[in-house]
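# Analysis of the macromolecular model
Letter by letter, the chains look like this.
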Amino acid sequence: MQARSRNSLFVVGWRLPCRLFRPRPEPGNWRFVHINSNCTTSNCTKRNSHKMMMENGISMEYGDGYMEQEEEWEREGLLDPAWEKQQKKTFTAWCNSHLRKAGTAIDNIEEDFRNGLKLMLLLEVISGETLPKPDRGKMRFHKIANVNKALDFIASKGVHLVSIGAEEIVDGNLKMTLGMIWTIILRFAIQDISVEEMTAKEGLLLWCQRKTAPYKNVNVQNFHLSFKDGLAFCALIHRHRPDLIDYAKLSKDNPLENLNTAFDVAEKYLDIPRMLDPDDLINTPKPDERAIMTYVSCYYHAFQGAQQVGNVTHVPEPTRQYTYVPNNYNAETAANRICKVLKVNQENERLMEEYERLASDLLEWIRRTMPWLNSRQADNSLAGVQKKLEEYRTYRRKHKPPRVEQKAKLETNFNTLQTKLRLSNRPAYLPTEGKTVSDISNAWKGLELAEKAFEEWLLAETMRLERLEHLAQKFKHKADAHEDWTRGKEEMLQSQDFRQCKLNELKALKKKHEAFESDLAAHQDRVEQIAAIAQELNTLEYHDCVSVNARCQRICDQWDRLGALTQRRRTALDEAERILEKIDILHLEFAKRAAPFNNWLDGTREDLVDMFIVHTMEEIQGLIQAHDQFKATLGEADKEFNLIVNLVREVESIVKQHQIPGGLENPYTTLTANDMTRKWTDVRQLVPQRDQTLANELRKQQNNEMLRRQFAEKANVVGPWIERQMDAVTAIGMGLQGSLEDQLHRLKEYEQAVYAYKPNIEELEKIHQAVQESMIFENRYTNYTMETLRVGWEQLLTSINRNINEVENQILTRDSKGISQEQLNEFRSSFNHFDKNRTGRLTPEEFKSCLVSLGYSIGKDRQGDMDFQRILAVVDPNSTGYVHFDAFLDFMTRESTDTDTAEQVIDSFRILAADKPYILPDELRRELPPDQAEYCIQRMPPYKGPNGVPGALDYMSFSTALYGETDL
């Protein structure tokens, strides 16, 4: 240590606690000196990594990687309205602090940046660069283009914006806008801050910690709660401008006054706008970190590069503290030197004593521990060895670590002591004999070897005893499993449950027993394994071999009993199965025979009592023949019946002999021997009853056969007679025989003959009544039925009457129209020629052909069709679709004689009217008698045609109406 100049003393000495070395000042000249103090606070912790901010769902990452993701707690409450309010106010003030340099400002941060103009202006002010020319339009795409230019500029500065788009800023999304402003603040206000190799947030925090370290009640750990009482802001101002704030008068209990003082002073003297609201900071449980960081960064930039006032040498903070000392301080320096030497000597002696004490204690502990580590005694039980192992683990976990630390401390103290002695020109320290570092190292090495040997022995012994214990547990586990498996097996094998079973149940029991036998054979290996484990435990002298041997013997004895019982139960099951199978075979045979025989009995009983209806002798004779054939089979049926009953009796005998419960129940059928016996008895009783019924029906059919013959003999005479008479009458009706008078005479003779034949019909009706009463519905001896005969009789009478009427009408027509017999015959001949079916009528086509054959000219054009339809309307006025001979004759008669027509009358009226299409009343009165003239005048309609005169009458319509061709 030596003085560096006459006027100042650079003191290198004690490491002072967190206070300044201040000797009492005296009047005179003052010099600034600094004390090389290592006083640091916990606030000065450096971080090796920077952070990436993630706020409001926005990711911001800088290309140079100076920021990493913030801790989870920093993202809690990002949607808190209080934080949003603080950020909005702070960011607005920060932006205005820069925009005012350009002569403008913003009022609403989410609205004023929407068009992108002020955003681009802000970036130009804070960066000192010129952005591309903005779009001046007011359309949405102009605004988006401007915001995109600003975002592109931010990106060009190495900032990668994630989830921030121009559309959100243009739409006034507050969270996105605040996130964008925060990225700008980080990039242009915080990123360039650098303190002792720390940048951005960590650098700013370290700067605050260094500047506020000497101040009472200030402990800057973060950018939220540490600034809440305002003292940190005041300390930063006081540290750089002590003339602005009297820090001694400030109180931690008055945060509102502290905050207002700091904000007012900063705004008035440091040109830092008021960005925070004291009430918001105080009333918010956790103030917004970004708002405070923004405001504090303004302090940093305001004080950056500021020089200390007076003769102050500028060195890195906070490794320097400033105080005042007088010029004359040689005595004080000497005293300080003596104190320093004595303190070093005292410290060395303390370290020597501490070394001796630690060395003695450590060696004594090793001496006491070695016998325990070298002991190899155990109680031959796993629990005892595990207890020792746990004690050893406790020793390694609790007792040895402090000794390891003690040894390390001892070596450290020794090395430190030797270094201090060497630096202070003292002789090297030589410990007491047996306590040197090498002695301690040898003792420690021996301890470690003993530990290793002891641990190896414990592990080996544990493995050995664990194997022995494992064998015992294995024996117990296998024995338990075997005993669990055998539990209830002897009772099961001795059970007589199969005596109550049916065959299918017995077979299931037998299958179950076979499975048990397989399982028993499989367990043979387990029993042998149990015996082998017991033998091994005896060989290894297991401490509880007596109980192991006893249990093994019980298992072997039980195993022998199970084998004997299994064989005995197998024999009993086989015998029971044989008996039940025999019964089952008998039941099955009964079911096979009883089912068809029962069906035969049911069918036979139904046939014997079945109601039958026969109509002929052949049918009843067939039934009698079938019944005789059935009776011929009764002998074989009786044999089958006895065989079936004997099967049941044999089953009853076996069941009674062996006392088999439920053995009489037949699983294959619900039929019983009693059912068969009852039905067979019914059949034997029904056979003679059927014989009597068939005999009675035979007599009935013989009587019916007689009635058939009687009816057929009479009907075969009456039927042909009616047909002959019908043909004769039809021939007369065709007009082919003689004159009309001859035809009329012959028809009346036939009429008398028909009425005279009526008794034969009445006799036939009586026979038919007897046939119906006997329920006879068919007669193979004749094709005639009473119904056809009645219809033929009625048709004969109707035909005679119709032909008589037609002949009379033809005579009347002939006489009134003057038609000759030859004409009538010609008309009849033509009509009959086209009446192919002899029905006495013609279809329209046949009638048209008939007219053509008689010389009528009917054209094939439309006019011809109209003429034919007019003729057809005359002969078939009712539109029946047929033309009868009477209408045909009437038409032909009118056509063949001279009759007046409507055309002739019209021609006559035309002559009276002097060829005019109308006629006048005077002309009628002049040419016709008065009554007939008045008749025409009253009924003639007025003339409506061309060239008419008043009073003109329409004689054409009148004439047409006279013959029914139009309405009058």
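The name that an unreviewed UniProt entry assigns to the chain is Alpha-actinin, sarcomeric, with the source organism given as Drosophila virilis. Reading the Sequence similarities (unreviewed entry) entry of the UniProt record for the chain gives the comment "Belongs to the alpha-actinin family."

## A word on the overall build of the chain
Scanning the chain from N- to C-terminus turns up 31 helices and nine strands. Within the chain, the proportion of its 968 residues that are buried is 40%.

## A closer look at the nonpolar core
Counting 81 residues, the largest nonpolar core has Trp-94, Ile-184, Phe-227, Phe-233 and Tyr-299 as its most contacted members. Take this core: its biggest share by element is 12 residues, from helix 6 (residues 174–190). In this structure, Phe-227 is in contact with Cys-208, Val-220, Asn-222, Ala-232, Phe-233, Leu-236, Leu-259, Ile-292 and Val-296, ignoring residues within four places of it in sequence. If you look at the next biggest cluster of nonpolar residues, it comprises 35 residues, including Phe-590, Val-648, Val-651 and Met-676.

## Digging into a nonpolar patch on the surface
A surface patch of nonpolar side chains, about 280 Å² in accessible area, is lined by Tyr-935, Leu-962 and Tyr-963. Among the secondary structure elements, Tyr-963 is positioned in the segment after helix 31 (955–962).

## Regarding the environment of Leu-747
Assignment of secondary structure puts Leu-747 in helix 21 (residues 740–756). The class of Leu-747 is buried, set by a relative accessible area of 0%. For the pair Leu-747 and Asn-803, spaced 56 residues apart in sequence, the C-alpha separation works out to 7.5 Å.

## Here's the deal with the packing of helix 7 (residues 200–212) against helix 11 (residues 289–303)
Close contact between helix 7 and helix 11 brings their axes to 11 Å; oriented N to C, the two are set at 65°. Relative to helix 11, the element helix 7 lies roughly perpendicular. Between helix 7 and helix 11 lies a crossing of left-handed hand. Within the contact between the two elements, helix 7 uses Lys-201, Leu-204, Trp-207 and Cys-208 and helix 11 uses Glu-289, Met-293, Val-296, Ser-297, Tyr-299, Tyr-300 and Phe-303.

## Concerning the packing of helix 8 (residues 231–240) against helix 9 (residues 255–269)
Here helix 8 crosses helix 9 at 40°, and the two axes come no closer than 8 Å. In this structure, helix 8 crosses over helix 9, and the sense of that crossing is left-handed. Where helix 8 abuts helix 9, its residues Leu-231, Phe-233, Cys-234 and Ile-237 lie against Asn-258, Leu-259, Ala-262, Phe-263, Val-265 and Ala-266. Per-class residue counts for the contact of helix 8 with helix 9 are nine nonpolar, one polar and no charged.

## Remarks on helix 31
For helix 31, every residue scored as buried is listed here: Tyr-955, Phe-958, Ser-959, Thr-960 and Ala-961. On its buried face, helix 31 sits against helix 28 (902–912) and helix 30 (930–939). One side-chain oxygen of the residue at the start of helix 31 lies 3.3 Å from the amide nitrogen of Met-956, identifying that residue as Asp-954.

## Description of the packing of aromatic side chains
Here the structure, examined in full by the defined rule, presents 33 aromatic pairs. Ring centres 5.9 Å apart and planes at 85° place the aromatic pair Tyr-355 and Tyr-429 in the edge-to-face group. Here Tyr-429 lies in the loop between helix 13 (382–423) and helix 14 (437–486) and Tyr-355 lies in helix 12 (residues 330–374), a separation of 74 residues in the sequence. The two residues Tyr-355 and Tyr-429 agree in class, both being buried. One aromatic cluster is present, built from ring pairs that chain together Phe-223, Phe-227, Phe-233, Phe-263, Tyr-295, Tyr-299 and Phe-303. For Arg-187, the ring lying beneath its charged end belongs to Phe-188, and the centroid distance is 5.3 Å. Geometry around Trp-485 places Lys-489 over its ring, the cationic atom sitting 4.9 Å from the centre.

Quick notes on the rules
Residues numbered from 1 in each chain as written. Predicted model: local features only at pLDDT ≥ 70, side-chain atom pairs only at ≥ 80, totals over all residues. Heavy atoms only, no water. UniProt positions renumbered as here; feature names shortened; annotations may be inferred. Helix = DSSP H or I, 4+ residues; strand = E, 2+ residues; numbered from the N terminus. Buried < 20%, exposed > 50% of the residue type's maximum accessible area, 1.4 Å probe, protein only. Core = buried A, V, L, I, M, F, W, Y, C linked by side-chain atoms within 4.5 Å. Contact = heavy atoms within 4.5 Å. Patch = residues over 30% accessible without salt bridge, like charges linked within 9 Å, V, L, I, M, F, W, Y side chains within 5 Å. Areas by Shrake-Rupley, 256 points an atom, 1.4 Å probe, with all protein chains shown as cover. Salt bridge = Lys/Arg side-chain N within 4 Å of Asp/Glu carboxyl O. Axes fitted to C-alpha atoms, helices over the stretch in contact; angles between N-to-C directions. Parallel < 35°, antiparallel > 145°, perpendicular 65-115°, else oblique. Left-handed = near helix turned anticlockwise from the far one by under 90°. Nonpolar A, V, L, I, M, F, W, Y, C, P; charged D, E, K, R; others polar. Polar contact = N/O pair within 3.5 Å; in protein donor to acceptor, adjacent residues only side chain to side chain. Phe/Tyr/Trp six-rings, centres within 6.5 Å; stacked < 30°, edge-to-face > 60°. Lys NZ or Arg CZ within 6 Å of the ring centre and 35° of its normal.

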